[in-house]
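Residue-level structural notes
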Amino acid sequence: MSELKTKYLGLQLDNPILVGSSGLSGTADSILNLVDKGVGGVVLKSLFEEEIIMEYEKNVKEKLGNSDNNLEFLDYFDYQLKENKLKGYRQLIEEIRAHSDVPLIASINCYSPGEWFSYAKILEDSGVNALELNLYRIPSKINVEAVDILKNYFDIVKRVKEYVTIPVSVKISPYFTDLGNVVSKFDMLGVDGVVLFNRYYSPDFDLENDRIISGPIYSSAGDYTNTLRWMAMLKDQVTCDLSASGGVHSADTLFKMLLAGANSVQVVSALYKNGAGFVRDLISGLQTWMERKNLTSIEDIHKLGRSMMPNHAEMFERVQFMKYFGEHN
Ligand SMILES: Cc1cc2nc3c(=O)[nH]c(=O)nc-3n(C[C@H](O)[C@H](O)[C@H](O)COP(=O)(O)O)c2cc1C
């Protein structure tokens, strides 16, 4: 029988499959069900600072109308709201911990640079095993330079690393001109892992009702290729772990991500579409591939992947694309 145990962010996982941050990892019932089906670890639903701010503004308006001159009250209220939200998160962790010691990775997304590390510290104290910083920000202001956006990201990571001792990963978008360089800078700042990639909610037009609606929420089975490419290109150029996120809808794709060098593979859309029991299909499909190829460990899969891509950075670059289409006119 092949051994699926592996390490990610220094945490021991029973297998490399993680439930990615989403509604599926937002309640104890759903998480424990996924744990029962065999997931190797869980990235909890992101704690969004904006959610707290929106709730705060709504409640303040209700309580004070437009006369917002009671600053002391506002400060207290802000503190209370944050406390309640964090209390909910802590309760979730306690509920899970009462039944399982599955590795838990908390996820945060903050709006104000000053809040990231205070949230990070509170979450560390509540007993999670690691933190994933969800660096989700659409650079919609056209007068902001890339260098300033990146500086902000790097400052967040530096500060969080100063405040916590548990492992820290960053989840990034694929939309950087200098993606490899950005990952390498995070690596140099000492992050324990980088998650490739976040999937942004996409707005769309509802033509019948003249309004904005959400575009497709879930990924499709063909959406894995960009993650696979960057996983393979970056794996041997950085020292931190890499986690694959995006388009993993089958055991074949899971196996490919591991061949490309992933230390863990996050799954979300496929679990929404197929239900929690799909974790079992992924595990047995992975075992089947390992047996077919005489591989006994996740490390063996990484080695096989390396042997398939002797000069792998070039294998995944544009030159392959040119060659392929050159031959298929
Ligand atoms: C319904 C839904 C909710 C999500 N919520 C979060 C979230 O709170 N934080 C986060 O970092 N990513 C969130 N994501 C992104 C996923 O974690 C994941 O990165 C993305 O969906 C790509 O993986 P997939 O192709 O397996 O779905 C969400 C995705 C979906 C579909």
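Residues numbered from 1 in each chain as written. Predicted model: local features only at pLDDT ≥ 70, side-chain atom pairs only at ≥ 80, totals over all residues. Heavy atoms only, no water.

Brief notes about the pattern of salt bridges
Enumeration over the complete set of coordinates arrives at 11 salt bridges. Notably, a salt bridge pairs Asp 192 with Lys 161, separated by 3.4 Å at the nearest N-O pair. Taken together, the residues span a long stretch of sequence, with Asp 192 in the loop between α6 (179-188) and β9 (193-196) and Lys 161 in helix α5 (residues 146-163) at a distance of 31 residues. One network of salt bridges, with partners in common, ties together Lys 121, Glu 124 and Asp 125. (Salt bridge = Lys/Arg side-chain N within 4 Å of Asp/Glu carboxyl O. Helix = DSSP H or I, 4+ residues; strand = E, 2+ residues; numbered from the N terminus.)

Comments concerning the packing of α5 against α6
Two elements in contact, α5 and α6, have axes whose closest approach is 10 Å; the angle formed by their N-to-C orientations is 25°. Overall, the two elements α5 and α6 adopt an arrangement that is roughly parallel. Pair α5 / α6 crosses with right-handed handedness. Contacts between α5 and α6 pair Leu 150, Tyr 153, Phe 154 and Val 157 from the former with Val 182, Lys 185 and Phe 186 from the latter. A per-class count over the contact of α5 with α6 returns six nonpolar, no polar and one charged. (Axes fitted to C-alpha atoms, helices over the stretch in contact; angles between N-to-C directions. Parallel < 35°, antiparallel > 145°, perpendicular 65-115°, else oblique. Left-handed = near helix turned anticlockwise from the far one by under 90°. Contact = heavy atoms within 4.5 Å. Nonpolar A, V, L, I, M, F, W, Y, C, P; charged D, E, K, R; others polar.)

Looking at the packing of aromatic side chains
What characterises a pair of aromatic rings is the spacing of the ring centres plus the angle enclosed by the ring planes. In this structure the tally under the stated criterion is five aromatic pairs. Judged by centre distance (5.5 Å) and plane angle (5°), the ring pair of Phe 255 and Trp 289 falls under stacked. Here the residue Phe 255 occupies a position in helix α8 (residues 251-259), and Trp 289 occupies one in helix α10 (residues 278-292), the gap between them amounting to 34 residues. Residue Phe 255 is classed as buried on the basis of its relative accessible area of 4%. (Phe/Tyr/Trp six-rings, centres within 6.5 Å; stacked < 30°, edge-to-face > 60°. Buried < 20%, exposed > 50% of the residue type's maximum accessible area, 1.4 Å probe, protein only.)

Comments concerning the packing of α8 against helix α11 (residues 298-308)
Put simply, α8 and α11 touch, their axes get as near as 7 Å, and they point 75° apart. As the angle between them shows, α8 and α11 are arranged roughly perpendicular. Facing α8, whose interface residues are Phe 255, Leu 258 and Leu 259, α11 presents Ile 298, Ile 301, His 302, Leu 304, Gly 305, Arg 306 and Met 308. Split into classes, the residues belonging to the contact of α8 with α11 amount to seven nonpolar, two polar and one charged.

Looking at the site of the ligand
Taken together, 21 residues are adjacent to the ligand, and Ser 21, Ser 46, Ser 219, Gly 247 and Ser 269 come closest. Lys 45 has a polar side-chain atom sitting 3.5 Å from an oxygen atom of the ligand. With respect to the ligand, the backbone of Gly 247 contributes an N or O atom lying 2.7 Å from an oxygen atom. Contact with the protein chains removes 94% of the 610 Å² of surface that the ligand exposes when unbound. Taken together, the residues of the shell around the ligand sort by class into eight nonpolar, 10 polar and three charged. (Near = heavy atom within 4 Å. Polar contact = N/O pair within 3.5 Å; in protein donor to acceptor, adjacent residues only side chain to side chain. Areas by Shrake-Rupley, 256 points an atom, 1.4 Å probe, with all protein chains shown as cover.)

Some thoughts on the pairing of strand β10 (residues 203-206)
Bridge count between β10 and strand β11 (residues 211-214): four bridges; the pairing is antiparallel. Considered in β11, the bridge of Asp 204 is made with Ile 213. Two successive antiparallel strands, β10 and β11, enclose a turn made up of four residues, where Asp 210 displays a positive phi of approximately 50°. (Pairing = 2+ DSSP bridges.)

Focus: the side chain of Ser 107
Position of Ser 107 relative to the elements: it lies in strand β6 (residues 104-109). By relative accessible area, which is 0% here, Ser 107 ends up buried. There is a polar contact of 2.6 Å between the side chain of Ser 107 and the side chain of Ser 46. With sequence-adjacent residues up to four places away left out, Ser 107 is seen in contact with Ser 21, Val 43, Leu 44, Lys 45, Ser 46, Leu 47, Tyr 89, Glu 132 and Asn 134.

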